[in-house]
Amino acid sequence: MNSAERIASTLESLSQARGRLRERTDAEILGGLGNVLERFRDASSTCRKELEAKLPAASGFAPATVRAGLELGFEPWTGESLERLANAELHPHAQAGTWLAQGYPVTSVLLAGSIPMPSVLSILLPLVLRSAVLCKPASRDAITPSLVVDAIREVDPLLADCVGIVPFEKDNTEANRAFYSTPCVVATGSDETISEVDRYLAPQQRRVFYGHRVSIALIDLSRLGDTGFTELAGNLAMDIALWDQLGCLSPVAFYLVGGADGDPENFAQALGVALASAQERLPRGAVAPETAARIARERTAAEMRAALDGKTRVIASAGTEWTVVLESDTQLRSAPLNRFIRLVPLESRDMLPTTLTSLAPHLAGVALAGFEPDREDVIRQLFEAGASRVCAPGRLQAPPIDWRRDNQALLLGMAMLGNREAL
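The following paragraphs examine the structure supplied in this document.

## Comments concerning the packing of helix α4 (residues 63–74) against helix α7 (residues 116–128)
Line of reasoning, step 1. Two elements in contact, α4 and α7, have axes separated by 10 Å at closest approach and are oriented at 45 degrees. In terms of axis orientation, α4 runs oblique to α7. Contacts between α4 and α7 involve G69, L70, G73 and F74 from the former and P116, M117 and V120 from the latter.
Line of reasoning, step 2. Its residues assigned to classes, the contact of α4 with α7 comprises five nonpolar, two polar and no charged.

Listed below in structure tokens is the structure:
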């Protein structure tokens, strides 16, 4: 049986299993999925232990980094939070008696990256809508989807039968056609990947796309003393170090607003100390030779700018483990990731809209520090620029379960909505 045939066979099985879901009430399904989340939150559960044990080899992350990332990431994802999400998005319509929201028979879910939390949620959410899930695992994480199905099976075997995992080569045209034949497609990936997926879809198919995104921090240096620098740098170092800066909520640049003349450099030094400390506790995973070469090139380019302008600073580990570059201008430069951060001083926040113009189409989260008493104005400014989340430093890698990723509703985007009038 080739990949396309295996996908067709899986679709048949999913159709039969979904038909039997009428044996479950909405509350039973939601309760069961909430129970699955609680199992992943519990560090002593089988699924959590297996995830911690197997993900480092599959993804390249260091074991300590995986443990810390899972602990922080799953912390806010309780069964109750999933119920609140469903109530907030679906029940207002049902209670009014004039709207119904219901999932498609099958939702194809293309996973990406190597961070497990988005994969867990991407599999569970269609089930909330009673939609079966046809899932293609990410190339860097073939572990998480299987563990999710195992955890669901422990709670409710029928719900587990509504998930099919179908790995296949991304350039297999027949398999892609079969995979993207379902009425609803959820895809996560680079902009190129999203464009490729879209070519397989017909106009009437529902699309829920999550493309390339980056995050930043915005820091009001004028409100921080030396002690504030140390604490803030420690929190932001965690935002960088967890998942080795490879997720859409990983910051690629910190924008430093205001402050005295020496403040940007003092903050850069504090951040270097914090990243060195993080490296001892949460070592960065191994990187490919081409990644190390790219980091080295960006460091050399920054050092050349430093020699010319006398303002740019490079603070870095002896190897490529971490790098802080304090820039002397606002030019948007490439992000090698893997714990490479650029600090961009701004004279005032009035420069923010212009500075963020290039990043805006890809902006996800913003860690915000300072800006009282004008903080609400700054937050509005960030949302207008395209951000979908603003949080405290140190919390970027712990999004709430109802985070409107890419500014989209989580459940309604995958649902069919209809009016129900008096009969």
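## Points about the pairing of strand β3 (residues 132–136)
Note on strand geometry: in a regular strand, side chains alternate between the two faces of the sheet.
Line of reasoning, step 1. With five of five residues buried, β3 is to be regarded as a mostly interior element.
Line of reasoning, step 2. Every second residue of β3 is oriented toward a common face, with A132, L134 and K136 on one face and V133 and C135 on the other, all of them buried.
Line of reasoning, step 3. As defined by bridge partners, strand β2 (residues 106–110) adjoins β3 across five bridges and the pair is classed as parallel. The residue bridging T107 from the neighbouring strand is V133, located in β3.
Line of reasoning, step 4. Taking the sense of rotation as the criterion, the β-α-β connection linking β2, α7 and β3 turns out right-handed.

## Looking at the nonpolar core
The nonpolar side chains of soluble globular proteins are, as a tendency, buried together.
Line of reasoning, step 1. Judged by nonpolar contacts, the single largest core of 80 residues is most densely connected at I7, F40, L82, I152, W243 and L411.
Line of reasoning, step 2. Broken down by element, this core gets its largest block of residues, eight residues, from α7.
Line of reasoning, step 3. Of all hydrophobic cores here, the second largest spans 27 residues; its members include I219, L221, I315 and C391.

## Regarding the environment of H91
Line of reasoning, step 1. Tracing the sequence through the fold places H91 in helix α6 (residues 91–96).
Line of reasoning, step 2. For the pair H91 and A101, spaced 10 residues apart in sequence, the C-alpha to C-alpha distance is 8.7 Å.

## Here we look at the sheet that holds β2
Line of reasoning, step 1. In space, the five strands of this open sheet follow the order β4-β3-β2-β5-β6, with parallel pairing throughout. Whereas interior strands pair on both sides, the edge strands pair on one side only; in this sheet they are β4 (163–165) and β6 (206–210). Averaged over neighbouring strand pairs, the angle between their axes works out to 15 degrees when direction is ignored.
Line of reasoning, step 2. α7 contacts β2, β3 and β4 of the sheet and is inclined by roughly 160 degrees relative to β3.
Line of reasoning, step 3. Taken strand by strand, helix α11 (residues 191–198) contacts β2, β5 (184–188) and β6, and its axis lies near 170 degrees from that of β6.

## Details of the pattern of salt bridges
Line of reasoning, step 1. Counted under the stated rule, the structure contains 26 salt bridges.
Line of reasoning, step 2. Here E154 and R39 are joined by a salt bridge, their closest N and O atoms 2.5 Å apart. Here E154, found in helix α8 (residues 144–155), pairs with R39, found in helix α2 (residues 26–41); they are 115 residues apart in sequence, far enough to count as distant.
Line of reasoning, step 3. With a relative accessible area of 26%, R39 lands in the partly exposed category.
Line of reasoning, step 4. One salt bridge in this structure joins D377 and R380, with 2.7 Å as the shortest N-O distance.

## Description of the side chain of R213
Line of reasoning, step 1. Tracing the chain through its elements places R213 in the loop between β6 and β7 (214–220).
Line of reasoning, step 2. Overall, R213 belongs to the buried group, its relative accessible area being 19%.
Line of reasoning, step 3. A polar side-chain atom of R213 sits 3.3 Å from a polar atom in the side chain of D406.
Line of reasoning, step 4. Look past the residues within four positions of R213 in its chain and what remains in contact with it is C248, P361, H362, L363, A364 and D406.

Each value, and the rule that gives it
Residues numbered from 1 in each chain as written. Predicted model: local features only at pLDDT ≥ 70, side-chain atom pairs only at ≥ 80, totals over all residues. Heavy atoms only, no water. Axes fitted to C-alpha atoms, helices over the stretch in contact; angles between N-to-C directions. Helix = DSSP H or I, 4+ residues; strand = E, 2+ residues; numbered from the N terminus. Parallel < 35°, antiparallel > 145°, perpendicular 65-115°, else oblique. Contact = heavy atoms within 4.5 Å. Nonpolar A, V, L, I, M, F, W, Y, C, P; charged D, E, K, R; others polar. Buried < 20%, exposed > 50% of the residue type's maximum accessible area, 1.4 Å probe, protein only. Pairing = 2+ DSSP bridges. Right-handed = clockwise from strand over helix to strand, strands pointing away. Core = buried A, V, L, I, M, F, W, Y, C linked by side-chain atoms within 4.5 Å. Salt bridge = Lys/Arg side-chain N within 4 Å of Asp/Glu carboxyl O. Polar contact = N/O pair within 3.5 Å; in protein donor to acceptor, adjacent residues only side chain to side chain.

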